[in-house]
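# Coordinate analysis (summary)
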Amino acid sequence: MSAFLKGTGVALATPFNSNGSIDYKGVESLVEYCINGGVEYLVVLGTTAESVTLSKEEKKELVQHIVKINNKRLPLVIGIGGNNTAAILQEMKDTDTSDFDAILSVVPMYNKPSQEGIYQHYKMINDQSPLPVLLYNVPSRTGTNMSAETTLRLSKLDKIVGIKEATGDFTQVLRILKDKPKDFLVISGDDALALPLVAAGGDGVISVIGQGFPEEFSNMIRLGLSGDTKVGFEILYKLLPVLDYAFEEGNPAGIKNILKKKGVCDDYVRLPLVPVSKDLADKIEEFVKSN
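Anyway, here's the lowdown on the structure attached to this text. It should be emphasised that the depicted structure is a prediction, and the values quoted were computed from it without experimental measurement.

## Description of the environment of Gly232
Relative to the helices and strands, Gly232 resides in helix α10 (residues 229-248). Spatially, the C-alpha atoms of Gly232 and Ile255 are 22 Å apart, while their sequence positions differ by 23 residues.

Structure below.
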């Protein structure tokens, strides 16, 4: 059911114009760049999309645009999450998910629920979701870590098919891999740890940097999945400097500057985010030119 989520998915950024409106030509350029680069699936309205600064109407138009450009070429995952369970359930009802294959839903942020609260939150989503659901654990953004025990408990629910794990705690990832159900997907949310996770038995990555270097990154993950980790790590080590650059001054400012240097789209972001500094932009430019 969820085999299409193996390999490299990319959490698409949202290109903007200088006046802050969505740059739909840039969206098309980015989607085509990722598809032509060989990624396995696309993730829409994730954190990297600056989705928290998009209006309901903008989200709707952006989704429709990406669906049209993609034209069923790759599987699509849509981000529907937040810290108000009732609002998420309503958003799932109000969103046309007919062209999507799964929902990615982040651990609630700011109100910092207990592990039982996290479980009950996702159980409600499981019970009402029209699609398979990927959990998303990213404590650096949410302020709360979903434990391996809670993840494994949720893995028994029928609609919960996997997790995007971005805890940064590899021991926690190993605990999930050790005891998960056979078909439960463990997907890296940390680009630098994606290949080690795959080597340990994981299923791939939902990547930020993968949209800047789709061919190299997706090839690296495929090598890992096929057991050729030696060559995979050679690619990882080559990309390691730009992995740091992408997150040095926050996501998606870093990846948008990379995309600008690649000629894919511009690097405008919406406040409270700001573009990367000249110093970082120069380092990114040097890396892109030499690679």
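## Some points on unusual backbone geometry
In this chain, Asn251 is followed by Pro252 through a cis amide linkage whose omega measures 15°. Cis geometry marks the peptide bond from Leu271 to Pro272, where omega comes out at 20°. Inspection of the secondary structure assignment puts Pro272 in the loop between α11 (253-261) and α12 (278-290). With a phi angle near 65°, Leu45 is a residue other than glycine that sits in the positive phi range. Residue Leu45 is classed as buried on the basis of its relative accessible area, which comes to 7%. Of note, Lys72 is a non-glycine position whose phi angle comes to about 65°, a positive value.

## Some details on the pattern of salt bridges
For the structure shown, the criterion picks out 15 salt bridges. Here Glu32 makes a salt bridge to Arg73, at a shortest N to O gap of 2.7 Å. On the criterion of sequence distance, the pair formed by Glu32 in helix α1 (residues 24-37) and Arg73 in the loop between α2 (56-70) and β3 (76-79) is long-range, its members being 41 residues apart. Of the charged contacts in the structure, one is a salt bridge between Lys283 and Glu248, with a shortest N-O distance of 3.2 Å. Separated by 35 residues along the polypeptide, Lys283 in helix α12 and Glu248 in helix α10 bring together distant segments of the chain. Of the residues examined, Lys283 reaches a relative accessible area of 27% and is grouped as partly exposed.

Calculation rules
Residues numbered from 1 in each chain as written. Predicted model: local features only at pLDDT ≥ 70, side-chain atom pairs only at ≥ 80, totals over all residues. Heavy atoms only, no water. Helix = DSSP H or I, 4+ residues; strand = E, 2+ residues; numbered from the N terminus. Buried < 20%, exposed > 50% of the residue type's maximum accessible area, 1.4 Å probe, protein only. Salt bridge = Lys/Arg side-chain N within 4 Å of Asp/Glu carboxyl O.

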